[in-house]
Amino acid sequence: MTSTILQAGTRPRAIRMSPAVRRELALVPVIIAALIVGTILSPTFLTANNLLNNVLVNSSVLGIVVVAESVILISGYFDLSLESIVGLAPMVAVWLVLPSSLGGSGLGIPSWLAIVACFAVSAIIGAINGLLVTKLKLNAFIVTLAMLTLLRGVTTGISGGQTLSRLPAEFLFLGSARPFGISIQIWIFVVVVIVVAAFMQNHPIGRKVYALGGNQAAAASAGIKTTKLTIAVFVFGALLSALAGLMLTGRIASVTSDQGNGLIFTVFAAAVIGGISLNGGQGTIFGAFCGVLLLGIIQNILTLSRVPSYWIAAIYGLVILCALIFNYLAGARPRRNTQRA
Amino acid sequence: MSPSPTGRPTARPRLRRLAVLVALPLALAGCSATGADNSAPMVGFSAAVLDNPFTSANVNGVVAAVDESGLTMLPPTNAEGDSGQQITDVSTLISQNVKAIVAIPRDSDAIIPAVEAANAAGVPFITVDTAANGGNVYMNIRADNVAMGKAACEQLGAAAGGTGTVLQLFGPVSTTPGIDRKTGFEQCMAAEFPGMEIISKDTGWDAAKTVDQAQTVLNTTEIDAIFLASDSVMLPGIQTLLQGLNRWAPQGEAGHITTVAIDGSAPALDAVRAGYLDADVSQPLNLYAKYSAYYVQAALKGTTFQVGPSDHDSQIVEYEGNLADMLPSTVVTKKNVDDETLWGNAAK
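Residues numbered from 1 in each chain as written. Chains lettered and ligands numbered in written order. Predicted model: local features only at pLDDT ≥ 70, side-chain atom pairs only at ≥ 80, totals over all residues. Heavy atoms only, no water.

Draft legend 1. Highlighting the overall build of chain A. Across its full length, chain A holds 14 helices and zero strands. Along the chain direction, N to C, the helices and strands of chain A fall in the order α-α-α-α-α-α-α-α-α-α-α-α-α-α. Scored against the burial criterion, the 341 residues of chain A give a buried share of 58%. Partitioning the contacts of chain A with sequence separation of at least 6, the portion at a separation of at least 24 is 76%. (Helix = DSSP H or I, 4+ residues; strand = E, 2+ residues; numbered from the N terminus. Buried < 20%, exposed > 50% of the residue type's maximum accessible area, 1.4 Å probe, protein only. Contact = heavy atoms within 4.5 Å.)

Okay, here's the thing in structure tokens:
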């Protein structure tokens, strides 16, 4: 029998994935434990200012990419190139807008149009990834690794290695606006989590994504258009990542040529800690959200508690390992899925 | 971790689960033992990276100097090269009620929101080595990196006799040291040694990338001289590479490639001593540490500074709307390589 904490959140809808739900909710006590530890270690930790402006704001960009990656993982694929889109999308938009004296294109395109253009570029990238893994049946790892490198290179090429700054107000809005006194980054993050979580749990298309990742052959024979759905999932992931990139640019009031570099590792860590299976078909967006929250809290505690700086990364990695082991003990074993590599 | 036959957690796994639940906080709590509070004003330090000898020496020096001056420096935060993380680090330091913040920005532009956050909280913001391009910075403590590039060019051009091909391994132009050293070097080359051809490669301040770039060039082109924009990042890799090509020879021996670098790390000073490096421009790390403490104290007292000569043999100049104290750097050759004030000698 599972403990009462774990049982409390079991939802009737999720009978098919109850092991995954257990793993997802398993993080709630860990998050509570982390909150208690943080409160003991630092008087600053349990303040609204710290939890909102440090933990959540810093988690928002990561969290949105995690949501994007989770949907792709649930569909049975994965996309490494999302981190490059976090750099490329804002670079394209800013480059289109800025005059050549500031490192831009000098085309003088209005900001709204440039933002539309960068989303369009991202959608095309997602579609290409989706086509390559479905039509050509290429391995998603290699395709998106190549795409990661290509897009990172294009970003460096456009910028010439420079940081583009002095951005128009439309770009800064995503970093500085504070509706109801809370950073817009948090609002966007929370809305994205709620909308995507509800969609994946309740909308027929969301359920089809689970079916696709659970067993592609069965999904196809049940009448799901697997190619179309896969491409749509990749496009969706790319669009969300572009949004995350624009948010990061808003925060740092500039776009750097290495923006998003290395982000994908943390994205996978958060998703897997949150109960998303690397084999597809399992996990929930709420679980991934918990994974992001836990990593953000731990990062914050490590900064606040006076851990010697040179050891923080090691402790962070250790805590991630502990969380994974805890997750394993608390929930079901990861289901083997031999449908694809 | 044996799974129970039914796949359900049994009593023993539940115990283990509890054990992990207990162990996780303990793992965290175990690292907090050093948090001895005292009444001295706290100063925060936000580092961009901590993974190279130069930055480590810089960070350790500044922390020690600030602590010695009677203040308490919190352990430096490490943004691990992520500009977004550095903004959060500064924000976290502000929420710990520090009285001043010293930062080594990852990116001169991307640090601006962090400076503005410190301004909004009324916390003086001081940068070391890499400047901030905006916000209200109390003081950018810098070395004149354009002058460093120029000094390196003068040493290199003279040693190479003003002819041949020079490989310039430069730092990213999105950082002030990167762009300034490159600018100083190239302007001086064009003006004083127009006979030399320059091949330039961006290293991203990354040791592995430096070796990759240099290897390709050295294997395909005849190179007479090398300029390393940062010996602490680049020299070990370049030494290994040249040894493999049988081109790591001291001055006066066949095969010697004229090499000049900037930074002045301990291995670079050794290489100058042994004649492998013709000259090195040493960064004033000891002065960075000393004047970080000086300006933190000044900021707490509310002292203001103006453009003009400082009281310590340097020039305070206007830089991107703020003040910058341009500390002098030292050209190191065999003659003065044992000078104890060089940070590379003190770091040993």
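Resuming the write-up.
Draft legend 2. Local environment of the confidence of the model for chain A. Residue and element names in this part refer to chain A. For chain A, per-residue confidence averages 86 on the pLDDT scale, and 90% of positions sit at 70 or higher. Low pLDDT, under 50, characterises residues 1-17; the stretch is placed with 30 contacts to residues that sit more than four places away or in other chains. Per-residue pLDDT stays below 50 along residues 335-341; that stretch engages in 18 contacts with residues further than four places along the chain or on separate chains. (pLDDT = per-residue confidence, 0-100.)

Draft legend 3. Structural view of helix α14 (residues 312-330) of chain A. The end-to-end C-alpha separation of α14 of chain A is 26 Å, in line with the 27 Å expected for 19 residues at 1.5 Å each. Looking at α14 of chain A, one finds that the buried residues are Ile312, Ile315, Tyr316, Val319, Ile320, Cys322, Ala323, Phe326, Asn327, Leu329 and Ala330 of chain A. (Expected span 1.5 Å × (residues − 1).)

Draft legend 4. View of the sheet that holds strand β9 (residues 225-228) of chain B. Residues and elements named next belong to chain B. Read from one edge of the open sheet, six strands run β8-β7-β9-β10-β11-β15, paired in mixed fashion. The open sheet has two free edges, formed respectively by β8 (196-202) and β15 (330-332), since each of these has just one partner strand. The average undirected angle you get between the axes of adjacent strands in this sheet is 15°. One ladder, built from four bridges, connects β9 with strand β10 (residues 258-263); its direction is parallel. Note that in β10 the partner of Phe227 across the bridge is Val260. Lying over the sheet, helix α5 (residues 145-160) contacts β7 (164-170), β8, β9, β10, β11 (279-282) and β15, oriented at roughly 165° with respect to β10. (Pairing = 2+ DSSP bridges. Axes fitted to C-alpha atoms, helices over the stretch in contact; angles between N-to-C directions.)

Draft legend 5. Seen up close, the domain arrangement of chain B. All names here are of chain B. Taken domain by domain, chain B consists of domain 1 (42-137 + 284-327) and domain 2 (145-282). The partner domain 2 presents 10 residues to the 12 residues of domain 1 that form the contact. Together, the buried faces of domain 1 and domain 2 total about 780 Å²; carbon and sulfur atoms form 49% of this surface. Here domain 1 and domain 2 share zero salt bridges between them. Our count for the domain 1 to domain 2 interface comes out at one residue pair in polar contact (both at pLDDT 80 or more). (Domains from an automatic or database assignment. Buried area = accessible area lost by both parts, 1.4 Å probe. Salt bridge = Lys/Arg side-chain N within 4 Å of Asp/Glu carboxyl O. Polar contact = N/O pair within 3.5 Å; in protein donor to acceptor, adjacent residues only side chain to side chain.)

Draft legend 6. Local environment of the packing of helix α3 (residues 48-74) of chain A against helix α11 (residues 226-252) of chain A. All names here are of chain A. At a minimum axis distance of 8 Å, the contact between α3 and α11 shows a crossing angle of 170°. With respect to α11, the axis of α3 lies roughly antiparallel. Contacts between α3 and α11 involve Val57, Asn58, Ser60, Val61, Ile64, Val65, Val67, Ala68, Val71 and Ile72 from the first element and Val233, Phe234, Phe236, Gly237, Leu240, Ser241, Leu243, Ala244, Met247, Leu248 and Arg251 from the second. Classifying every residue of the contact of α3 with α11 gives 16 nonpolar, four polar and one charged. (Parallel < 35°, antiparallel > 145°, perpendicular 65-115°, else oblique. Nonpolar A, V, L, I, M, F, W, Y, C, P; charged D, E, K, R; others polar.)

Draft legend 7. A look at the UniProt feature "domain: Periplasmic binding protein" (unreviewed entry) in chain B. Here the UniProt-annotated "domain: Periplasmic binding protein" (unreviewed entry) positions come out as residues 43-303 of chain B. Its end C-alpha atoms 17 Å apart, residues 43-303 of chain B is made of 48% helix and 19% strand. (UniProt positions renumbered as here; feature names shortened; annotations may be inferred.)

Draft legend 8. Layout of a negative patch on the surface. Residue and element names in this part refer to chain B. Together, Asp51, Glu80, Asp82, Asp206 and Asp212 make up a region of like negative charge exposed at the surface. Structurally, Asp51 is set in the loop between β1 (42-47) and α2 (53-68). Assessed through its relative accessible area of 64%, Asp51 is described here as exposed. (Patch = residues over 30% accessible without salt bridge, like charges linked within 9 Å, V, L, I, M, F, W, Y side chains within 5 Å. Areas by Shrake-Rupley, 256 points an atom, 1.4 Å probe, with all protein chains shown as cover. Lys, Arg positive; Asp, Glu negative; His and termini not counted. Charge placed at Lys NZ, Arg CZ, Asp CG, Glu CD.)

Draft legend 9. Main features of the pairing of strand β13 (residues 315-319) of chain B. All names here are of chain B. Summarising the sheet, strand β12 (residues 308-309) and β13 pair through two bridges and their orientation is antiparallel. Following the sheet pairing, Gly308 is matched in β13 by Ile316. The turn joining β12 and β13, which pair antiparallel and follow one another in sequence, is formed by five residues; a positive phi near 60° is taken by Asp313. The pairing of β13 with strand β14 (residues 322-327) spans five bridges and is classified as antiparallel. Following the sheet pairing, Glu318 is matched in β14 by Leu323. If you look at the hairpin formed by β13 and β14, you'll find two residues sitting between the two strands, and Glu320 has a positive phi there, around 50°.

Draft legend 10. View of the side chain of Ser95 of chain B. All names here are of chain B. With respect to the helices and strands, Ser95 occurs in helix α3 (residues 83-95). Judged by its relative accessible area of 10%, Ser95 is buried. In terms of polar contacts, Ser95 uses its side chain to reach the backbone carbonyl oxygen of Thr92, at 2.8 Å.

Draft legend 11. Region of the structure containing the packing of aromatic side chains. Residues and elements named next belong to chain B. Applying the stated criterion to the full structure yields 14 aromatic pairs over all chains. A ring pair is formed by Tyr138 and Phe305, whose centres lie 6.1 Å apart and whose planes are at 85°; its orientation type is edge-to-face. Residue Tyr138 is located in the loop between β5 (125-128) and β6 (139-143), and its partner Phe305 is located in the loop between α10 (285-301) and β12; the two are separated by 167 residues in the primary sequence. Ring centres 4.9 Å apart and planes at 85° place the aromatic pair Tyr294 and Tyr295 in the edge-to-face group. Take Tyr294: its relative accessible area is 28%, and that puts it in the partly exposed class. Tyr295 gets classed as buried once you look at its relative accessible area, which sits at 0%. Over the face of the ring belonging to Tyr319 we find Arg142, whose NZ or CZ atom lies 4.8 Å from the ring centre. (Phe/Tyr/Trp six-rings, centres within 6.5 Å; stacked < 30°, edge-to-face > 60°. Lys NZ or Arg CZ within 6 Å of the ring centre and 35° of its normal.)

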